[in-house]
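The primary structure of each chain is shown beneath.
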Amino acid sequence: MKTAIVTGGATGIGRAVSSLFAEKGYNVVIGYNKSIDAAKELETKLIKQGFSAVIYNCDVTKTSDTYGIVDFAVQKFGKVDTFVCNAGIAQQKLITDITDEDWSNMINTNLTGCFNCCRAAAKSMISRHSGSIVNISSMWGISGASCEVHYSASKSGVIGLTKALAKELAPSNIRVNCVAPGVIKTDMLSSFSAEDLERLRVETPLSRLGTPEDIAKAVLFLSSDDASFITGQVLSVDGGFIL
Ligand code: NAP
């Protein structure tokens, strides 16, 4: 039985990823930071459905938490096959309004957090000469978003990290890929007005907003043996927004 770790795995995209991996027979370690109630609720739901799921408190900005979640998974299930670096935050501000603290929070969570997780995952996977890492970037990490300079920079960084790490870990038979979601209906969009969301829907060639499940399916594919010759790639799942 394979084991997957999903950071930010209790809500939104991470919740869909955790659920799909559990349904597909993985042991799932659901990382959460603040959403303990959602994490417990998801764990209970998945276990009741007969799946293997367990929660773990992991703030990705803390090195010790990221080593901790890997050690926990190895102790509980013997190994880590897939690490999904999904945890992230977003914020919309003009560059002139972005404070030092805003910038640090964004980079620490989205980029340093991804680095911390990849480092912890790699340490465990290298010794087994096997594993797959999937990082969650964003289409704005490819194209840049107005009023999201810090978010876009952090997500571009995730793409650079993914490509470099894919080269470094390929000789160890570890694949590292990235999913770049478009506009996906989660709490992350709660600051957007209905008009903003409608405008984004219209701008999306496939004429709808994405769902967390759309992203989960891409993450599962990249993690699976069906993608065994794919590494260092950025898979856009955005309804054709960035072409
Ligand atoms: P969400 O529901 O707000 O999920 C964000 C998740 O990140 C939460 O589960 C949260 O955990 C976790 N998180 C935040 N800071 C953390 C920290 N320091 N340590 C550990 N976990 C932390 O939004 P979402 O849309 O599902 O976002 C998931 C990922 O997709 C993010 O990386 C985001 O940038 C990316 N993305 C989303 C969209 C979109 O349109 N929704 C588009 C492109 C990319 P807690 O709740 O437990 O604190």
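Because the structure is a prediction, the values reported are computed rather than measured.

Side note on the site of the ligand
Next, step 1: Taken together, 29 residues lie near the ligand, and N33, S35, N86, Y151 and T186 sit nearest.
Next, step 2: In this structure, N33 approaches the ligand through a main-chain N or O atom, which is 2.8 Å from an oxygen atom.
Next, step 3: Isolated, the ligand exposes 880 Å² of accessible area, and the fraction of that covered by the protein chains is 91%.
Next, step 4: Those elements that place two or more of their residues in the shell around the ligand are α1 (12-23) and α6 (149-169).

Considerations on the packing of helix α3 (residues 63-77) against helix α4 (residues 100-128)
Next, step 1: Between α3 and α4, the shortest axis-to-axis distance is 8 Å and the interhelical angle comes to 35 degrees. Seen along the crossing, α3 lies across α4 with a hand that is right-handed. Contacts from T63, T66, Y67, V70 and V74 of α3 reach α4 at N116, C117, R119, A120, A121, K123 and S124.
Next, step 2: Looking at the contact of α3 with α4, its residues break down into six nonpolar, four polar and two charged.

Brief notes about a nonpolar patch on the surface
Next, step 1: Residues I95, W103 and V149 make up a contiguous nonpolar surface patch of about 290 Å² in total accessible area.
Next, step 2: You can see W103 is positioned in helix α4.

A short note on the pairing of strand β1 (residues 3-6)
Next, step 1: Side chains T3 and I5 of β1 all project onto a buried face; the interleaved residues A4 and V6 project onto the opposite face, where all are buried too.
Next, step 2: With four bridges joining them, β1 and strand β2 (residues 27-32) adopt parallel strand pairing. When the sheet's bridge partners are listed, T3 is paired in β2 with N27.
Next, step 3: Viewed along the sheet, the connection from β1 through α1 into β2 turns out right-handed.
Next, step 4: Direction of pairing for β1 relative to strand β4 (residues 82-85): parallel, over a ladder of three bridges.

Quick notes on α1
Next, step 1: Taking 1.5 Å per residue as the helical rise, α1 with its twelve residues ought to reach 16 Å, and the 17 Å between its terminal C-alpha atoms agrees with that figure.
Next, step 2: Burial within α1 is extensive, with nine of its twelve residues counted as buried.
Next, step 3: Restricting attention to buried positions, one finds in α1 the residues I13, G14, A16, V17, S18, S19, L20, F21 and A22.
Next, step 4: Those residues of α1 that are buried lie in contact with β1, β2, α2 (36-48), β4, β6 (174-181) and α8 (212-223).
Next, step 5: Once α1 finishes, G25 follows within two positions and takes phi at roughly 95 degrees, a positive value.

Topic: the sheet that holds β1
Next, step 1: Pairing within the open sheet is parallel, and its seven strands lie in the order β3-β2-β1-β4-β5-β6-β7. Strand pairing shows two members of the sheet lacking a second neighbour, β3 (52-57) and β7 (234-237), which therefore form its edges. Each strand of the sheet is rotated relative to its neighbour by a mean of 20 degrees, with strand direction disregarded.
Next, step 2: Contacts between α8 and the sheet are confined to β4, β5 (131-136), β6 and β7, with β6 contributing the most and set at about 165 degrees to the helix.

Notes on the nonpolar core
Next, step 1: Residues V17, F21, I30, V179, I215 and V219 are the most contacted members of the largest nonpolar core, which totals 30 residues.
Next, step 2: Only β1, α1, β2, α2, β3, β5 and α8 provide two or more residues apiece to this core.
Next, step 3: Once residues within four sequence positions are removed from consideration, I30 is found in contact with V6, G9, A10, S18, L42, E43, L46, A53, V54, I55 and Y56.
Next, step 4: Counting residues in each nonpolar core, the second largest holds 28 residues, with V60, A121, V158 and I174 among its members.

Thresholds, definitions, all that
- Residues numbered from 1 in each chain as written.
- Predicted model: local features only at pLDDT ≥ 70, side-chain atom pairs only at ≥ 80, totals over all residues.
- Heavy atoms only, no water.
- Near = heavy atom within 4 Å.
- Polar contact = N/O pair within 3.5 Å; in protein donor to acceptor, adjacent residues only side chain to side chain.
- Areas by Shrake-Rupley, 256 points an atom, 1.4 Å probe, with all protein chains shown as cover.
- Helix = DSSP H or I, 4+ residues; strand = E, 2+ residues; numbered from the N terminus.
- Axes fitted to C-alpha atoms, helices over the stretch in contact; angles between N-to-C directions.
- Left-handed = near helix turned anticlockwise from the far one by under 90°.
- Contact = heavy atoms within 4.5 Å.
- Nonpolar A, V, L, I, M, F, W, Y, C, P; charged D, E, K, R; others polar.
- Patch = residues over 30% accessible without salt bridge, like charges linked within 9 Å, V, L, I, M, F, W, Y side chains within 5 Å.
- Salt bridge = Lys/Arg side-chain N within 4 Å of Asp/Glu carboxyl O.
- Buried < 20%, exposed > 50% of the residue type's maximum accessible area, 1.4 Å probe, protein only.
- Pairing = 2+ DSSP bridges.
- Right-handed = clockwise from strand over helix to strand, strands pointing away.
- Expected span 1.5 Å × (residues − 1).
- Core = buried A, V, L, I, M, F, W, Y, C linked by side-chain atoms within 4.5 Å.

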